[in-house]
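# Working through the structure, step by step
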Amino acid sequence: DVKVTQSSRYLVKRTGEKVFLECVQDMDHENMFWYRQDPGLGLRLIYFSYDVKMKEKGDIPEGYSVSREKKERFSLILESASTNQTSMYLCASSPRMSRVGANVLTFGAGSRLTVL
Amino acid sequence: SQQGEEDPQALSIQEGENATMNCSYKTSINNLQWYRQNSGRGLVHLILIRSNEREKHSGRLRVTLDTSKKSSSLLITASRAADTASYFCATGETSGSRLTFGEGTQLTVNP
């Protein structure tokens with residue numbers, strides 16, 4: 001019954017490594033999002049995408065990039081990981097036209113990244 | 001920037017009691033949503049209330065919205081140990097806009 005799948009639940013990387021976090025959804029949703037979650041800061045939006053090959057910066061895009069080559073897949077890339085990117089990363093998706101008239105998100109289980 | 005701010009940050013109650021969590025926000029909104037997160041997992045959507053609504057119910061959940069005070073509350077009645085989780089409010093400024101989340105309330109329901 002899992003609808004948003006994040007490829008890795010736990011990752012440990014070293015400073016300077018390139019990190020790929022993958023997210024796949026099977027609900028044919030147009031919108032996809034990447035958030036990071038830190039204690040005391042809640043969820044902060046990194047990047048989002050409203051369509052294939054489209055991307056828009058969220059509130060904290062620095063140090064991150066994204067790729068959306070296919071509708072179902074949204075990848076978050078850390079070009080050169082740093083210790084301050086140690087966090088829980090959450091992927092989410094939503095349909096463009098929701099039957100409830102609002103942007104309701106379906107989240108993945110999260111990827112906990114530790115950068116040493 | 002954080003739009004929603006939950007209050008309290010942490011709440012501990014006994015099974016069977018009611019739990020009330022509050023959310024305040026700063027700008028005009030189209031809708032406000034509540035999500036739940038079990039420890040170490042993703043968020044799950046609970047309930048949505050639109051700006052022209054004042055109250056919504058879903059099972060043991062009751063949400064109120066006061067747009068004049070820019071605040072919302074989530075009431076969980078007859079709480080159970082399984083309700084132990086973090087609860088987040090999220091606001092959307094338009095019907096299709098991105099959501100902005102608060103910092104969450106950690107609810108602990110003791111058996």
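Read on for a plain summary of the structure. None of the values given here were measured: they were computed from a predicted structure.

## Re the environment of Leu76(A)
All names here are of chain A. Along the chain, the position of Leu76 falls in strand 8 (residues 73-78). On a C-alpha basis, the gap between Leu76 and Glu22 in space is 6.5 Å, while along the polypeptide they are 54 residues apart. Leu76 has contacts with Val19, Phe20, Leu21, Trp34, Ile46, Tyr64, Ser65, Val66 and Tyr89, leaving out every residue within four places of it along the chain.

## Observations regarding the sheet that holds strand 8 (residues 71-76) of chain B
Residues and elements named next belong to chain B. Pairing is antiparallel across the open sheet formed by 5 strands, whose spatial order is 1-3-8-7-6. In this open sheet, the two strands that pair with only one neighbour each are strand 1 (5-7) and strand 6 (55-58). Taking the axes of each pair of neighbouring strands and ignoring which way they run, one obtains an average angle of 20 degrees across the sheet. Of the strand pairs in this sheet, strand 3 (residues 19-24) and strand 8 are connected by 6 bridges, and their pairing is antiparallel. Residue pairing in the sheet places Thr20 in a bridge with Leu75 of strand 8.

## Observations regarding the interface of chain A and chain B
Tallying the contact residues gives 26 residues for chain A and 23 residues for chain B. For the chain A and chain B pair, buried surface summed over both sides reaches about 1800 Å², with 48% attributable to carbon and sulfur atoms. Considering only the side of chain A, the residues that lose the most area to chain B are Leu43(A), Asn103(A) and Phe107(A), jointly responsible for 24% of the buried surface there. Of the charged contacts, one joins Arg98(B) and Asp59(A) as a salt bridge, the two residues approaching to 2.8 Å between their closest N and O atoms. Of all the secondary structure elements, the ones that give two or more residues to the side of chain A that touches chain B are strand 4 (31-38), strand 5 (42-49) and strand 9 (87-94) of chain A.

## Observations regarding the sheet that holds strand 8 of chain A
The strands that make up a sheet pair up through hydrogen bonds in the backbone, lying either parallel or antiparallel. Residue and element names in this part refer to chain A. Read across the sheet, 4 strands follow the order 1-3-8-7 without closing on themselves; strand pairing throughout is antiparallel. Edge positions in the open sheet fall to strand 1 (4-6) and strand 7 (65-70), since each of these has one partner strand only. For this sheet, the mean inter-axis angle between neighbouring strands, taken without regard to orientation, is 20 degrees. For strand 7 and strand 8, the ladder comprises 4 bridges, and the chain directions are antiparallel. Paired with Ser67 across the bridge in strand 8 is Ser75.

## Section: the pattern of salt bridges
Residues and elements named next belong to chain A. A complete count under the given rule lists 13 salt bridges over all chains for this structure. One salt bridge in this structure joins Arg44 and Asp38, with 2.9 Å as the shortest N-O distance. One salt-bridge network, held together by shared partners, links Asp28, Glu30 and Lys71.

## So, the side chain of Arg36(A)
Residue and element names in this part refer to chain A. Tracing the backbone through its elements, the reader meets Arg36 in strand 4. A polar contact is formed between the side chain of Arg36 and the side chain of Ser87, at a distance of 3.4 Å. In this structure Arg36 touches Gly42, Leu43, Arg44, Ile46, Ile60, Tyr64, Asn84, Gln85, Thr86, Ser87, Met88 and Tyr89, once residues within four positions along its chain are discounted.

## Some points on unusual backbone geometry
Of note, the amide linkage connecting Asp7(B) to Pro8(B) takes the cis form, showing an omega dihedral of 0 degrees. Mapping Pro8(B) onto the fold places it in the loop between strand 1 and strand 2 (10-14). Phi at Lys53(A) takes a positive value of approximately 65 degrees, unusual for a residue other than glycine. If you trace the backbone, Lys53(A) turns up in the loop between strand 5 and strand 6 (56-57). On the accessibility criterion, Lys53(A) (59% relative accessible area) is exposed.

Scoring rules and cut-offs
- Residues numbered from 1 in each chain as written.
- Chains lettered and ligands numbered in written order.
- Predicted model: local features only at pLDDT ≥ 70, side-chain atom pairs only at ≥ 80, totals over all residues.
- Heavy atoms only, no water.
- Helix = DSSP H or I, 4+ residues; strand = E, 2+ residues; numbered from the N terminus.
- Contact = heavy atoms within 4.5 Å.
- Pairing = 2+ DSSP bridges.
- Axes fitted to C-alpha atoms, helices over the stretch in contact; angles between N-to-C directions.
- Buried area = accessible area lost by both parts, 1.4 Å probe.
- Salt bridge = Lys/Arg side-chain N within 4 Å of Asp/Glu carboxyl O.
- Polar contact = N/O pair within 3.5 Å; in protein donor to acceptor, adjacent residues only side chain to side chain.
- Buried < 20%, exposed > 50% of the residue type's maximum accessible area, 1.4 Å probe, protein only.

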